[in-house]
Amino acid sequence: MNQRENILKLIEQNSRLKTSEIATMLDIEESVVEQIIIELEEEKVIIGYHTLINWDKTEDEYVSAMIEVKVNPQRGQGFDRIASLIYNFPEVEAMYLMSGGYDFSIELKKAPMREIARFVTSKLSVIDEVQSTATHVILKKYKDHGTLFDNDDEDRRMAVSL
């Protein structure tokens, strides 16, 4: 694995690592780490830095939703034109082209249920190419981006006595 990939793997797990820490971990000069990160940002390999928040530990009452969407792609335009119609809505947090029973998987920003329903009925379902949708409300996150959410370090093994 090369230096670029090693740096990417480290900052993917913890984007708050300092360049000096990365340099020490990889046994390379800090100036090399800084230059590689600049290049990765310029090349749009690194396209953002995000914070993962456990909203269940807050007073937030909003919900997250995943929506599966089946569409009729148009000849000569494929899925990309339809995708751009959908991902440009401000409610859309993430969107993926998928294989299987549905074409797209959409993750919506946290919102009240009424707003999620309104998005599906008045914005998404009215797009001509949309055949069907299936909306799933996220009830609880156990793991996201490799991070465990429900890890309170409590020993959950069954007690065994002989």
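Up top you'll find the structure we're talking about.
Just so you know, the residues in each chain are numbered from 1, in the order the chain's sequence is written. Where totals are concerned, whole chains, interfaces and linings use all residues; where local detail is concerned, this predicted model gives features only for residues with pLDDT of at least 70, and gives and counts side-chain atom pairs only at 80 or more. In computing side-chain properties, one takes all heavy atoms of the structure into account and sets aside hydrogens as well as water.

Caption draft 1: Layout of the environment of Val33. Within the element layout of this structure, Val33 appears in helix H3 (residues 30-42). In sequence terms Val33 and Met66 are 33 residues apart; their C-alpha atoms lie 37 Å from each other. Contacts are assigned to residue pairs with any non-hydrogen atoms lying within 4.5 Å of each other. The residues touching Val33, leaving out its near neighbours within four places in the chain, are Ile7, Thr19, Ile22, Ala23 and Ile28. Helix numbering and strand numbering both begin at the N terminus, where a helix is a DSSP run of H or I of at least 4 residues and a strand a DSSP run of E of at least 2.

Caption draft 2: Fine view of a nonpolar patch on the surface. Patch membership is restricted to residues that have no salt bridge and whose relative accessible area is over 30%. Joining uses 9 Å for like charges and 5 Å for the nonpolar side chains Val, Leu, Ile, Met, Phe, Trp and Tyr. Per-residue and other accessible areas follow the Shrake-Rupley method at a 1.4 Å probe size, with only the shown protein chains counted as cover for residues. Whenever a carboxyl oxygen of Asp or Glu lies within 4 Å of a side-chain nitrogen of Lys or Arg, that contact is scored as a salt bridge. Residues Met113, Val137 and Leu139 make up a contiguous nonpolar surface patch of about 320 Å² in total accessible area. Within the secondary structure, Val137 sits in strand S4 (residues 130-138).

Caption draft 3: View of the side chain of Glu129. Residue position: Glu129 is located in the loop between helix H5 (113-124) and S4. The class of Glu129 is buried, set by a relative accessible area of 10%. Every residue in contact with Glu129, bar those within four places of it in the chain, is listed here: Lys70, Val71, Asn72, Gln74, Arg81, Ile82 and Leu85. Only protein chains enter the area calculation, which uses a 1.4 Å probe; residues under 20% of their type maximum are buried, those over 50% are exposed, and those in between are partly exposed.

Caption draft 4: Broad picture of helix H4 (residues 80-87). Those residues of H4 lying buried are Ile82, Ala83 and Ile86. Viewed along the axis of H4, the buried residues span an arc of 100 degrees, placing them on a single side of the element. Contact partners of the buried residues in H4: strand S1 (63-71), strand S2 (92-97), strand S3 (104-111) and H5. Think of the arc as the fan of directions from the helix axis to the C-beta atoms.

Caption draft 5: Quick peek at the pattern of salt bridges. Scanning the model with the defined rule gives 5 salt bridges in all. The salt bridge involving Arg4 is made with Glu43; its shortest N-O contact spans 2.7 Å. Residue Arg4 is located in helix H1 (residues 3-13), and its partner Glu43 is located in the loop between H3 and S1; the two are separated by 39 residues in the primary sequence. With relative accessibility at 44%, the residue Glu43 sits in the partly exposed group. Among the ionic pairs, Glu129 bridges to Arg81, the shortest N-O distance being 2.2 Å. With Glu129 in the loop between H5 and S4 and Arg81 in helix H4, the pair connects residues that are 48 residues apart, well separated along the chain. Several salt bridges share partner residues, and in doing so they unite Arg4, Glu39 and Glu43 into one network.

Caption draft 6: Geometry of the pairing of S1. Taken together, the 6 bridges between S1 and S3 define a ladder with antiparallel strand orientation. Bridge pairing in S3 places Val63 opposite Ala111. Sheet topology places S1 next to S4; 8 bridges connect them, and they run antiparallel. Note on S4: the bridge partner recorded for Val69 is Thr133. Any two strands between which DSSP finds at least two bridges are classified as paired.

Caption draft 7: Representation of the sheet that holds S3 in the model. On the basis of which strands lie adjacent, the open sheet formed by 4 strands has the order S2-S3-S1-S4 and antiparallel pairing. In this open sheet, the two edge strands, each paired with only one partner strand, are S2 and S4. On average, each strand axis in the sheet is inclined to that of its neighbour by 20 degrees, with strand direction left out of account. Angles run from 0 to 180 degrees between N-to-C directions of axes, and those axes are lines fitted to C-alpha atoms, restricted for helices to the stretch in contact. Each of S1, S2 and S3 touches H4; the most contacted strand, S2, lies at about 165 degrees to it. H5 contacts S1, S2, S3 and S4 of the sheet and is inclined by roughly 15 degrees relative to S1.

Caption draft 8: Structural view of the nonpolar core. Think of a nonpolar core as a cluster: buried Ala, Val, Leu, Ile, Met, Phe, Trp, Tyr and Cys residues, connected wherever their side-chain atoms sit within 4.5 Å. In this structure, Ile86 and Ile106 are the most contacted members of the largest nonpolar core, which totals 20 residues. Sorting the residues of this core by element identifies S1, H4, S2, S3 and H5 as the ones contributing at least two each. Residues within four places of Ile106 in sequence aside, it is in contact with Ala65, Met66, Ile67, Val69, Ile86, Val92, Ala94, Met95 and Leu124. By size, the runner-up hydrophobic cluster in this structure holds 12 residues, among which are Ile7, Leu10, Ile28 and Leu40.

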